[in-house]
Each structure stands twice: as structure tokens, then as C-alpha cells.
Protein chains: 2
Amino acid sequence: MTRVKQAVILAAGQGRRMGGRVPKPLLRIAGREILHRTLSALRTLGIEEAILVVHPDWRSAFESFLKANEFEAHLVFNVEPERGNGYSLHLARSAVEGEFLLLMGDHLYGTELLQDALRGKGLVVDPDPKYVDRDESTKVRIRDGRVIEIGKRLENPDAYDTGCFVLDPSIFVVTGELAAERETVELADVVRRAQLPVHVVSGEFWTDVDTPADLRRARRHLVALAVKGTGDGLVSRLINRRISTWISEFLVERLTPWQATWFTFGVGLLGGVLNLVSPVAAAAVYQLSSVLDGVDGEIARASLRASPLGGWTDSVLDRYVDIFYLSSLALVSKLPAWFWPVVAWALLGSVLVSYTTERYRAAFGEDMYRAVPAMRFLPGKRDERIFLTMVLVFLGLVQELFWTLAILTHLRVLLTLILGFRRRTA
Amino acid sequence: MTRVKQAVILAAGQGRRMGGRVPKPLLRIAGREILHRTLSALRTLGIEEAILVVHPDWRSAFESFLKANEFEAHLVFNVEPERGNGYSLHLARSAVEGEFLLLMGDHLYGTELLQDALRGKGLVVDPDPKYVDRDESTKVRIRDGRVIEIGKRLENPDAYDTGCFVLDPSIFVVTGELAAERETVELADVVRRAQLPVHVVSGEFWTDVDTPADLRRARRHLVALAVKGTGDGLVSRLINRRISTWISEFLVERLTPWQATWFTFGVGLLGGVLNLVSPVAAAAVYQLSSVLDGVDGEIARASLRASPLGGWTDSVLDRYVDIFYLSSLALVSKLPAWFWPVVAWALLGSVLVSYTTERYRAAFGEDMYRAVPAMRFLPGKRDERIFLTMVLVFLGLVQELFWTLAILTHLRVLLTLILGFRRRTA
């Protein structure tokens, strides 16, 4: 783990541009408060002690938040927030014991960024930030690995200030000097005076939230980053996820993951029932349910509400949607009696594809899609089967569909067994 | 873990009664050497340092065994094994550093017995041993928690000597005195002189292997103890396991678990093919495959060869046996076309019952049958479904069979989901 055991989070700002009914760190984005995300990431990294510098007006808001979410934090009060965030940092000095992480209460940080930061020292900078409004961001100029200039209006900057620092208590000598010299002490002043070394990161998620536009952009990124990825087939990557993330972005603050799971299940069953009326419409609804199937997981992960119970339920319900839709399609298609074994094996195959990979995870405790990269290229994942189903139903090729499923799925099971063997006996 | 870090294993005897081609600790019982079982159990308990007292004639046999099985042990040589096993213990004195476990190289010890032993001190005794030939066992008389008499010919003994001791280096004062006084020093002499305290255990597996009859009895017990239990239905407990353990006892030294898995798969497929000739014979063969299904796991566990890869493969093959047999039964039964959806759902249910519990294990990393005791009482486990299939086919009730399976299995899935929810949200 890391040598760093404490994190100081500056949360004394008033957040006037965001409405100001709650302090900015307690603003919910994609269903969770900014501070919740930061404290969760710190917990994941083994940093259990958080020091929050807050305005005393918001004391009860922060305390209720911490209690409700079972977080522990040490509160430090800043009665003069107008003296700047460098002054807020100075106030944390008595609670700090060694090297510490310094974070901004209104920034979102991916766990990967913080983990990377802990390998360095000083100000963490990003030469090519992907998730921020660069015009509004703080820029830095670097010489010999140290910051020589910092500010919002810097031309041709070398990198951008991520709002993440790894510091040690010697920084309080600098903050003390500055606090004695002047009324307002911004972090930029501290960085300039200390000529902090920089630690360069790249590609990882971080952003700050200053305006409603920032908030919308951050929500979109959080949902996009919540796409699970492993186990997604071609159709999912090219079509389904583009639509589902757009829906999730809209629903993440309106629906719980469980509501999304049951709604998607309902749409899937509706697809099966619709076969009685119009197999073409039913196939389209079935494909829609495949798109929606991404939403519950995206909402759950984006709002830090993912649970194994949700994953378990979703998997079992998916199997029932598949066999219900395919059964009803077979029933209304007036297939000859001799053809029914093909139907039965097509349905069984659609369950056994999932059975084989889940039973692998049960046996070995690892996700086969992560452990065996070749699995990602095997055709016949659920998103692909459902899309193929829609296309073949549109073309009126129902028997061809069942033949294809009956052969493709069991072949996929066989290949999965072979790949599993190769992995576990190599 | 335990304070005990070392185990001394007395393995200098010649084992003449067993043929004498290998030293007794290297005799294979149920596919694994006695010493392999002891060293595996010690490893499980966190006792990594074994001190083996052996005759120098067998040096290379022990060294090859240790190397081939990737065990580490310190060898101490006894060039005068005729001086008795108390003398062998004395020779181990320079390798011992603190409290240690003393074990006999020709005894089998269940891991539970050793674990229990580590909670006590002195000689571990069993007042009611279940797995030994009492006539041939060493008996003890106890007063005030100490051994006052020990020997094979003791009348009305208080307990039996398990051949397991927890000692400390002070015992070497006693062995040293005895070795100076007399030529032959048996452990019984040491126990008598030291008036060792006793630690009483009961019900756990331990036995010694002196004669070919002992060996056969030990093999039977090892196979019986290898029955997995969780997930077994009524039919398995009352019928299948009684037959399968009898078969496993015969095959454990003749077949690998993998051979048993593929053979059982072959018998299951044969059941499906036989439907073309005689559904009654086929149903009997299907039930036979259900009995044989226990054998691979029993052989694997009894011979310490159980592997997740074997479990994974066995599960997937079981699903294929079920759907192949039931498909072929449906095909030869000349069922009306409208009935085929019932067949399809019966087959799907037989897969989904297993899917739901395995997906639970994948999600939560725990066996649902262990975690939720009520699961054991839900009817519709595989052994029960197969037995029911045989009975209904014998009675000519094929449609009734498929109706029953179609309803019973999906109901079981629903109840599994409910029980899983109760467990994970309670």
C-alpha cells in the first residue's frame, strides 16, 4: 500500500455559482455527492483518515452526510474562507502528521489518478486533460521538474493543475509565511512560493465542477466511465452502449438501478408477448431490451451503487427474457413438429453460454473475459445474438435463426471449455 | 494460527508386515502416500516445518518423494531403528526449537483432529475411536488428566492413544534418561516416565495402518469422508452415495478423477442414445450415470486431487448429459407438436436450477447450499430429478414427467432467488 495515510480535502468554498443551497462537495452528480466519490476512492486506496476543511455554517450538513454514509472524517473549520484556499490548507496543519494527499472538495478524481499520484510528490499535473474545460482550468509552466508559473491565464501552458497534491508538513512553513504576509492566500501562491515539484499523469479521469455546464459534462463522463466493457460484444460496443449511456445519463439521478433492472425485464417480457401481435415489432422491442440491459449496470456503477445482488438478479432475469422471447417466437411461427428439438437446443445454448462462463467464475474466482483475452473475440455474446435475432426476424428467416443459435451457442460453449482448459493447465 | 511451528514425524520403522518394498509412510492409500496426507494436513494448519526421522536405507526414497510432491522436510537419520520409536524421537532433539507436534509416520490423521490437538498439550487420546481396530490399538489409563498406564493389552482402558502428541523440548530430558538406561526405548516408555497430560478428542478421523486389513479399512474411510455432501438431495443420500462410494473404493487406486468424469459423461450420453432402442433401459442407464456422477469427486477428494478445473468441467458436462437424455426421450416419445414448449422449458429449467446457484457463487464467492441451509430442503436437485425421471419413464408417464420438470425446476429457481435475496439483504 501507500506510505500516505492522510488526505486533506479543502471544502470551505461557498459554491455560489452552483446555486449555493448545499456546499459544492455535497452536490450530487450522477447520483452521488462529489465528496462521497472522493472518500470512496480514498478508502479503496487504503487512506482512511480524511481531514475536511469546511465553513462552520455547513458543519451540520457535513456531519449528517458523513454519518448517513458511514464515513469518518476530521473536520477543521475555516471561519474566514475569503482568505483563500491556501489559508484553508494552512488551517489543517495541526491535524497532519506526515506525508498527505491534498485534494479539492469540488473536484472529481478517478481512483486510478489518485493511485498514480501516490507514486509521486508535489503537484500532480496533466499535460493533456481529457475531461475538463481547459479555458477555465489552472495552467502551469514547468522548468526542471518544478512549477515556475501557475494561473488561469497562462499562455501555452506545459500542463494543467489537477487539484491533487502529495505534500509533507514542510509545506506549512510556506503557508505560515504567506498567511503572515497577506490577507488572501491562494493555493497558486503556495505553489509559486514553494516551487513545488510536479508529478505528471495522463489519460486518467479528473475534473472540477464550477458551473452547471461542468456538472452536466461530469455526469456524462461518469456514466461513460461506468460502462463495464468486459463481456461486451461488437453490437454492444458499436450500437447498444452509445444509446444506453445516453439513456443512463438522463436516468442516473431519476431511477435506482433496481428500478432499471425490473423495467428492462418488463420490456423483455413485453417483447415476448408482442410476438402474438407482430413478430417484427416484438423483435425490435427485444433489441430495445438488449440496449436497456446496459442501463441498470451503468446507473449502478456511475452512482457507486453496484452490488453483487443486482448482478445476480440481472443475470437470471436476462436468461428468462431470452427463453421467453424465443419460446414465444417459436410458438407463433407455426414450425413443424420435427423442428422443435432445434428450438429447444437454441434456447438451451443461449443459457449454457452464460452458464459456462459464470460457472468458471464460481470455480476460479476470476472473470473469464478478463482472464482469457481470446474470449472477447468469440462471436455469440448476448448482444450479438439478440441483434442477429432481430435482423433475421425482419427478414422472415425464423428457422434459419434457430439453426444458427442452436449451432453457434453450443460451439461457443465448446470453445469456452477449450480456452478455460488452456488457461488453467498452461 | 497456532503457536506450534514444527512437527516431528517418526518414520524409521521398516513396515515388514506390509510387504516392506517401501517404507510404510510412503505406502499409497486411496491414491496418496500416508506421508503426503500428513504433510498436506500440516500445511493446511500452517505448520511448514516437518522433521522426519527415517532409516538411512530409505533416504533416497524419502528425498524423491519430497521433491516430486514439492514438500520441504528436514531428515534426521536413525541407524538403529531397533532401539524403538522413543529413541527415534530422542534423535530429533537438535532439530526441535519449541513446542512441536509429534506424529507417527504410519498413522492417518484428519486435519480436524490435528487442529483440535493443537488446542491441547500432551498425548491426544480418543475414548471412543471410530476408525480403528481397537484390539490392535494402544490403550491408556488416565488419572487426574495424566496417563498412568499405557499398552496394547490394557483391560477396560479409559481411552486410546491416537499417535498424536503436542510436546515441548522438556520431553528430551526424559528420552535422554531412558536412552542412557536401556537399549530399547518405546514411546510407551516415554509416556509412562513423563506421565504426560492427555488431551481428549472425539469423533474425528485418525487410524493406524499395520496390516493389509487396516489398509483396506482406511481406504474405505477415506472414500466415505470424501463425500461432498452439500448439494446432495434425498436420493443421493439414501441411494446414490451408498453405491458410488463402494465403486470409488474399488476405483480410487485404478482411475484418475478425469477418467471417471469422462467415463460418467459417456454413460450419460449412452443413456440418451439408448432411448432409440428402449426408453426403459435408457432411463436405468441415466440413473446409473447419476450414481457414477459422485465417483469423480469422491476419487478426487479421497486422493487429494480435487481441482476447480475438474469441478467446472463436470458441471458443464452434467448439463449436457441432462439435455441430451431429455431431448432424445422427447424425440422418441412421439409427443404432439403443441407439447414441445413444455419439453423446452423442462430442459431449460434443469439448466437454470444449476445456473442460479452457480451464478450466486460467482457473485458472492460462497456456496449457496452452505450459506442458506433452507436450500438443502428445496426439492428438485439433480439426483432427485433423475430418479423421478427413471420412475416416471418406467411407469410410461413421459408427458407427466416433462410437466413436472417444467414446473418444479422454474419454481425452484424462483425460490432460490427469494432465499438469495433474504440472505443478502437481511
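As the structure is a prediction and not an experimental result, all values here were calculated from the model.

Caption draft 1: Inspection of the interface of chain A and chain B at higher detail. Residue-level contacts link 42 residues of chain A with 42 residues of chain B. With both sides pooled, the region where chain A packs onto chain B buries about 4000 Å², and carbon together with sulfur makes up 80% of that total. Three residues stand out in chain A for area buried against chain B, namely Trp312, Tyr355 and Arg359 of chain A, and they jointly supply 21% of the buried area on that side. Applying the counting criterion to the chain A and chain B interface returns 2 salt bridges. Measuring nitrogen to oxygen at the nearest pair gives 3.2 Å for the salt bridge that ties arginine 359 of chain A to glutamate 358 of chain B. The interface formed by chain A and chain B holds 18 residue pairs in polar contact (both at pLDDT 80 or more) in total. Sorting the residues of the side of chain A that touches chain B by element identifies α11 (308-332), α12 (340-364) and α15 (398-425) of chain A as the ones contributing at least two each. The biggest single contributor to the side of chain A that touches chain B is α12 of chain A, with 18 residues.

Caption draft 2: Structural context of the pairing of strand β11 (residues 159-167) of chain A. All names here are of chain A. β11 sits mainly inside the fold: 9 of its 9 residues count as buried. Both strand β8 (residues 122-126) and β11 contribute to a ladder of 5 bridges, which runs antiparallel. Its bridge partner lying in β11, glycine 122 is registered against valine 166. Pairing analysis gives 2 bridges linking strand β9 (residues 139-143) to β11, with the strands arranged antiparallel. Bridge assignment links lysine 139 to a residue of β11, and that residue is tyrosine 160.

Caption draft 3: Looking closely at the packing of aromatic side chains. Residue and element names in this part refer to chain A. In the structure shown here, the tally under the stated rule is 26 aromatic pairs over all chains. Between tyrosine 360 and phenylalanine 364 the ring centres are 4.6 Å apart and the planes differ by 45°, which places this aromatic pair in the tilted class. A residue pair is termed a helical-turn pair when its members lie 3 or 4 positions apart in one helix, as tyrosine 360 and phenylalanine 364 do in helix α12 at 4 residues. In this pair, the class of tyrosine 360 matches that of phenylalanine 364, namely buried. Among the aromatic residues, those joined into a cluster by ring pairs are Trp338, Phe339, Phe402 and Trp403. Over the ring of phenylalanine 250 we find arginine 254; its NZ or CZ atom is 4.3 Å from the centre of that ring.

Caption draft 4: Main features of the environment of lysine 381 of chain A. Residue and element names in this part refer to chain A. Tracing the sequence through the fold places lysine 381 in the loop between α13 (368-371) and α14 (382-394). Overall, the relative accessible area of 2% leaves lysine 381 in the buried class. Distance in space between the C-alpha atoms of lysine 381 and arginine 412 is 9.0 Å, their sequence separation being 31 residues. The contacts of lysine 381, once residues within four sequence positions are left out, are Gly231, Asp232, Gly233, Tyr369, Met375, Arg376 and Arg412.

Caption draft 5: Structural view of the relation of the copies chain A and chain B. With an axial shift of 0.2 Å and an RMSD of 0.2 Å, the rotation relating chain A to chain B amounts to 179°. Both chain copies can therefore be described as sitting about a two-fold axis. Taking the C-alpha atom as reference, chain A places alanine 362 of chain A closest to the rotation axis, 2.0 Å from it.

Caption draft 6: Main features of the domain arrangement of chain A. Residues and elements named next belong to chain A. Parsing chain A into structural domains produces domain 1 (6-221) and domain 2 (230-425). A C-alpha centroid distance of 42 Å is found between domain 1 and domain 2. Each partner contributes residues to the interface: domain 1 has 10 residues there, and domain 2 has 7 residues. Across the domain 1/domain 2 interface, buried area totals approximately 770 Å², and carbon plus sulfur atoms make up 46% of it. Run the count over domain 1 and domain 2 and you get 1 salt bridge. We note a salt bridge from glutamate 253 to arginine 219, for which the minimum N-O separation is 3.2 Å. On inspection of domain 1 and its partner domain 2, the count reaches 5 residue pairs in polar contact (both at pLDDT 80 or more). For the side of domain 1 that touches domain 2, the secondary structure elements donating two or more residues are β2 (28-29), α1 (34-44) and α7 (212-225). A per-element tally of the side of domain 1 that touches domain 2 places α1 first, with 3 residues. In terms of residue class, the side of domain 1 that touches domain 2 is made up of 2 nonpolar, 3 polar and 5 charged.

Caption draft 7: Focus on the nonpolar core. Counting residues in each nonpolar core, the largest one holds 96 residues, and the members touching the most others are Trp312 and Phe402 of chain A together with Trp312 and Phe402 of chain B. Grouped together as the second largest cluster of nonpolar side chains are 68 residues, Val8, Ala92, Val140 and Leu187 of chain A included.

Caption draft 8: A look at a nonpolar patch on the surface. Together, Trp338, Trp403, Ile407, Leu411, Leu414, Leu415 and Ile418 of chain A line one region of the surface with nonpolar side chains, adding up to about 710 Å² of accessible area. Relative to the helices and strands, tryptophan 403 of chain A resides in helix α15.

Caption draft 9: Quick peek at helix α14 (residues 382-394) of chain B. All names here are of chain B. In this model α14 runs 18 Å from its N-terminal to its C-terminal C-alpha over 13 residues, within 8% of the 18 Å that 1.5 Å per residue would give. Every buried residue of α14 is accounted for by Arg382, Asp383, Glu384, Arg385, Ile386, Thr389, Met390, Leu392 and Val393. Residues of α14 that are buried sit in contact with α8 (234-251), α10 (279-302), α11 (308-332), α12 (340-364) and α15 (398-425). Among the residues trailing α14, glycine 396 stands out with phi positive, at a value near 75°.

Caption draft 10: Structural view of the environment of leucine 225 of chain B. Residues and elements named next belong to chain B. Following the sequence through the fold, leucine 225 ends up in helix α7 (residues 212-225). Each C-alpha atom of the pair leucine 225 and glycine 110 lies 9.6 Å from the other, and the pair is 115 residues apart in sequence. Not counting residues up to four positions away in its chain, the partners in contact with leucine 225 are Tyr131 and Phe205.

Caption draft 11: Geometry of the pattern of salt bridges. Residues and elements named next belong to chain A. For the structure shown, the criterion picks out 58 salt bridges over all chains. Between glutamate 99 and arginine 3 there is a salt bridge whose closest N-O contact spans 2.3 Å. One end of the pair, glutamate 99, is in the loop between α3 (85-91) and β6 (100-104); the other, arginine 3, is in the segment before β1 (6-11), and 96 residues separate them in sequence. A salt bridge links arginine 182 to aspartate 189, with the shortest nitrogen-to-oxygen separation between them at 3.6 Å.

Caption draft 12: Representation of the confidence of the model for chain A within the structure. Of the residues in chain A, 98% have a pLDDT of 70 or more, and the chain-wide mean is 93. As a predicted assembly, this complex carries a pTM of 0.88 together with an ipTM value of 0.87.

Caption draft 13: Geometry of the environment of valine 391 of chain A. Residue and element names in this part refer to chain A. Structurally, the position occupied by valine 391 is in helix α14. Judged by its relative accessible area of 30%, valine 391 falls in the partly exposed class. Between the C-alpha atom of valine 391 and that of leucine 401, which follows or precedes it by 10 residues, the distance is 9.3 Å.

Caption draft 14: Fine view of the side chain of glutamate 366 of chain A. Residue and element names in this part refer to chain A. With respect to the secondary-structure elements, glutamate 366 resides in the loop between α12 and α13. Given the relative accessible area of 19%, glutamate 366 is considered buried. Looking at glutamate 366, its side chain comes within polar contact range of the side chain of tyrosine 360, at 2.7 Å. Residue contacts for glutamate 366: discarding those within four places in its chain leaves Tyr360, Arg361, Ala371, Arg423 and Arg424.

Caption draft 15: The arrangement of helix α2 (residues 59-68) of chain B in detail. All names here are of chain B. All of the buried residues in α2 are Phe62, Phe65 and Leu66. Buried residues of α2, viewed axially, fall in a sector of 95°; they line one side. Facing away from the buried side of α2 by more than 90 degrees, the exposed set consists of Lys67 and Ala68. Among the structural elements, β1 (6-11), β3 (32-33), α1 (34-44), β4 (49-54) and β5 (74-77) are those in contact with the buried residues of α2. Positioned one or two residues after α2, glutamate 70 has a phi angle of 55°, which is positive.

Conventions we followed
- Residues numbered from 1 in each chain as written.
- Chains lettered and ligands numbered in written order.
- Predicted model: local features only at pLDDT ≥ 70, side-chain atom pairs only at ≥ 80, totals over all residues.
- Heavy atoms only, no water.
- Contact = heavy atoms within 4.5 Å.
- Buried area = accessible area lost by both parts, 1.4 Å probe.
- Salt bridge = Lys/Arg side-chain N within 4 Å of Asp/Glu carboxyl O.
- Polar contact = N/O pair within 3.5 Å; in protein donor to acceptor, adjacent residues only side chain to side chain.
- Helix = DSSP H or I, 4+ residues; strand = E, 2+ residues; numbered from the N terminus.
- Buried < 20%, exposed > 50% of the residue type's maximum accessible area, 1.4 Å probe, protein only.
- Pairing = 2+ DSSP bridges.
- Phe/Tyr/Trp six-rings, centres within 6.5 Å; stacked < 30°, edge-to-face > 60°.
- Lys NZ or Arg CZ within 6 Å of the ring centre and 35° of its normal.
- Least-squares fit on C-alpha atoms with pLDDT ≥ 70 in both.
- Domains from an automatic or database assignment.
- Nonpolar A, V, L, I, M, F, W, Y, C, P; charged D, E, K, R; others polar.
- Core = buried A, V, L, I, M, F, W, Y, C linked by side-chain atoms within 4.5 Å.
- Patch = residues over 30% accessible without salt bridge, like charges linked within 9 Å, V, L, I, M, F, W, Y side chains within 5 Å.
- Areas by Shrake-Rupley, 256 points an atom, 1.4 Å probe, with all protein chains shown as cover.
- Expected span 1.5 Å × (residues − 1).
- pLDDT = per-residue confidence, 0-100.
- Arc of directions from axis to C-beta.

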